[in-house]
Amino acid sequence: MKKIINDANLVEEQMIQGLVKANPDKLKKLNCGNVVIRAKKKEGKVALISGGGSGHEPAHGGYVGTGMLDAAVAGPVFTSPTPDQIYEGIKAVDAGMGVLMVVKNYTGDVMNFEMAAEMAQMEGISVESVVTNDDVAVEDSLYTVGQRGVAGTVFVHKIAGAKAETGASLSQVCELARRTAAQVRTMGAAIAPCTVPAAGQPGFSLGSDEMEVGIGIHGEPGTHREGLKPADAIAEELLEKILAGFELEGNDVAVLINGAGGTPLMELYIVNNHVQDVLKEKGISVYRTYVGNYMTSIEMQGFSISILKLDDEMKAMLDAPADTPAWKE
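For the structure given in this document, a descriptive report is provided here. The residue numbers shown here count from 1 along each chain, following its written sequence. Since the coordinates come from a predicted model, pLDDT governs what is reported: local features require at least 70, and pairs of side-chain atoms require 80 or more to be given and counted, while whole-chain, interface and lining totals use all residues. Just so you know, side-chain values use all the structure's heavy atoms and leave hydrogens and water out.

### Brief notes about the packing of aromatic side chains
How two aromatic rings sit relative to each other is given by the distance of their centres and the angle of their planes. So the rule is basically this: Aromatic pairs are defined between Phe, Tyr and Trp rings, using the six-membered ring for Trp, whenever the two ring centres lie within 6.5 Å; interplanar angles under 30 degrees are classed as stacked, those over 60 as edge-to-face, and all others as tilted. Elements are defined by DSSP. Helices are runs of H or I of four residues or more, strands are runs of E of two residues or more, and each kind is numbered from the N terminus. Burial classes: relative accessible area under 20% of the type maximum marks a residue as buried, over 50% as exposed, and values in between as partly exposed (1.4 Å probe, protein chains only).
Considering all chains together, one arrives at four aromatic pairs under this definition. Arranged with centres 6.0 Å apart and planes meeting at 70 degrees, the rings of Phe155 and Tyr290 form a pair that is edge-to-face. Of this pair, Phe155 sits in helix α4 (residues 153-165) while Tyr290 is found in strand β11 (residues 285-292), placing the two residues 135 residues apart along the sequence. Taken individually, Phe155 and Tyr290 each receive the classification buried, so the pair is uniform in this respect. Pairing Tyr290 with Tyr294 gives two aromatic rings, centres 6.3 Å apart and planes at 80 degrees, and the pair type is edge-to-face. Of the two residues examined, Tyr290 and Tyr294, each falls in the buried class.

Below, the structure is given as structure tokens:
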């Protein structure tokens, strides 16, 4: 294993410290594990907290800031943070208007965030949650009952975070977050796996002429393996599954071409080139497009496509200003 680290046991701690030191005007770290909060607490409004295992950078700490999250909790690589850490994050950001948890649909994340919410509710804090499950590749996996929460979760961070900034109530922010989560679909593919530092070896192996279709974000294999195809053909295969039964006529969409961590922007833009052409041919109007590393799998070489069906409120919240380490507009 070749990685630019000091100690596999210190990866998460040193990564979070480096993130905070790079953004001292935006972030600070709590003394209870790898919990990042806004440097200046948002007062009098609903707070948002998310998180999960490390290894998905810039998610989740990179989305803490104005217009998005108030706190992000980082567990070990691909492992959920503990309920105690999440609880401390909830307490730190609650400003009396309640807290919305954005949780990806992985068994450990769902269980630990629910336990933290119960602890906070016993302290009189109002807590709601939205569970994202945008991955259309699988119904169940090694880590999940139901569809996995993957890159489309970032749309929920942005739209719900913007809604909270307006001063909306917890129920209003929660309703929009759930509506957004229900209208986003994602699927990905990889041409090379990633290596968890503590494991020291790749999560699976691929031949030089193979690709894995339907990969998750935790280094787990996908739905099937097949011969490597040109970028346009891979994009078409993923879009076919994403768009199946997705009623998009008369609606605008947002598109996210998300890198898995080890894929050059050159290749992501090549994928986007064909995705845009396919959507145009199908009469689907693209309102906004995002290309880059938004929710990665360490250094996995691959990408995912997310399509979000928009309504007018979602558009307004996407357009709203945000200032975080990883999202600025």
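On we go.
### Points about the pairing of strand β6 (residues 127-132)
Applicable threshold: Strands are treated as partners if at least two bridges between them are detected by DSSP. Place the viewer so that the strands point away; then a crossover is right-handed whenever the path from the first strand over the helix to the second strand goes clockwise.
As paired elements, strand β5 (residues 99-104) and β6 share six bridges and run parallel to each other. Within the sheet, the bridge partner assigned to Lys104 lies in β6 and is Thr132. Chirality of the crossover, the property in question, places the unit of β5, helix α3 (residues 107-122) and β6 among those that are right-handed.

### Description of the sheet that holds β11
Inclusion rule: Think of each axis as a best-fit line through the C-alpha atoms, taken over the contacting stretch in the case of a helix, with angles from 0 to 180 degrees between the N-to-C directions. Should any heavy atoms of two residues lie within 4.5 Å, those residues are counted as being in contact.
Strand order in the open sheet made by the six strands is β9-β8-β7-β12-β10-β11, with mixed pairing throughout. Edge positions in the sheet fall to β9 (224-227) and β11, since each of these pairs with one other strand and no more. Between one strand axis and the next, the sheet turns through 20 degrees on average, direction left out of account. Here strand β7 (residues 184-192) runs beside strand β12 (residues 301-309); their pairing, made up of eight bridges, is antiparallel. Residue pairing across strands places Arg185 opposite Ile307, the latter belonging to β12. Strand contacts of helix α6 (residues 231-243): β7, β8 (210-213), β9 and β12, with the helix running at about 150 degrees to β7, the strand carrying the most contacts.

### Remarks on the pattern of salt bridges
Convention followed: The rule for a salt bridge is simple: a side-chain nitrogen of Lys or Arg has to be within 4 Å of a carboxyl oxygen of Asp or Glu.
For the structure on display, the rule yields 25 salt bridges. Of the charged contacts, one joins Asp323 and Lys26 as a salt bridge, the two residues approaching to 3.6 Å between their closest N and O atoms. Here the residue Asp323 occupies a position in the segment after α8 (312-319), and Lys26 occupies one in the loop between α1 (11-22) and β1 (27-29), the gap between them amounting to 297 residues. On the basis of relative accessibility, which here comes to 35%, the residue Asp323 falls in the partly exposed class. As a salt-bridge pair, Asp135 and Arg148 come within 2.6 Å of each other at their nearest N and O atoms. Note that Asp135 is positioned in the loop between β6 and α4 and Arg148 in the loop between β6 and α4, a separation of 13 residues in sequence. For Asp135, a relative accessible area of 1% translates into the label buried.

### Focus: unusual backbone geometry
Cis rather than trans, the peptide bond between Glu57 and Pro58 has omega equal to 15 degrees. Mapped onto the elements, Pro58 comes out in the loop between β3 (47-54) and β4 (71-77). A cis amide bond, omega 5 degrees, links Ala59 with the succeeding residue His60. By the secondary structure assignment, His60 is in the loop between β3 and β4. Of note in this structure, Phe78 is not a glycine but carries a positive phi near 60 degrees. On the secondary structure map, Phe78 appears in the loop between β4 and α2 (83-93). Phi at Ile298 takes a positive value of approximately 55 degrees, unusual for a residue other than glycine. Mapped onto the elements, Ile298 comes out in the loop between β11 and β12. Owing to a relative accessible area of 22%, Ile298 belongs among the partly exposed residues under this scheme.

### Overview of α1
For an α-helix, the turn length of 3.6 residues means that residues three or four places apart are oriented alike. Here is the rule we go by: One less than the number of residues in a helix, times 1.5 Å, gives the span that helix is expected to have. Arc definition: directions from the helix axis to the C-beta atoms.
Helix length check: α1, at twelve residues, gives a terminal C-alpha distance of 16 Å against a target of 16 Å (1.5 Å per residue), a fit within 8%. Those residues of α1 not exposed but buried are Val11, Glu12, Ile16, Leu19 and Val20. Here the buried residues of α1 occupy an arc of 155 degrees about the axis, which is enough to place them on one side. In α1, those exposed residues whose orientation departs by more than 90 degrees from the buried face are Lys21 and Ala22. Where α1 is buried, its residues touch β1, β2 (35-38), β3 and β4.

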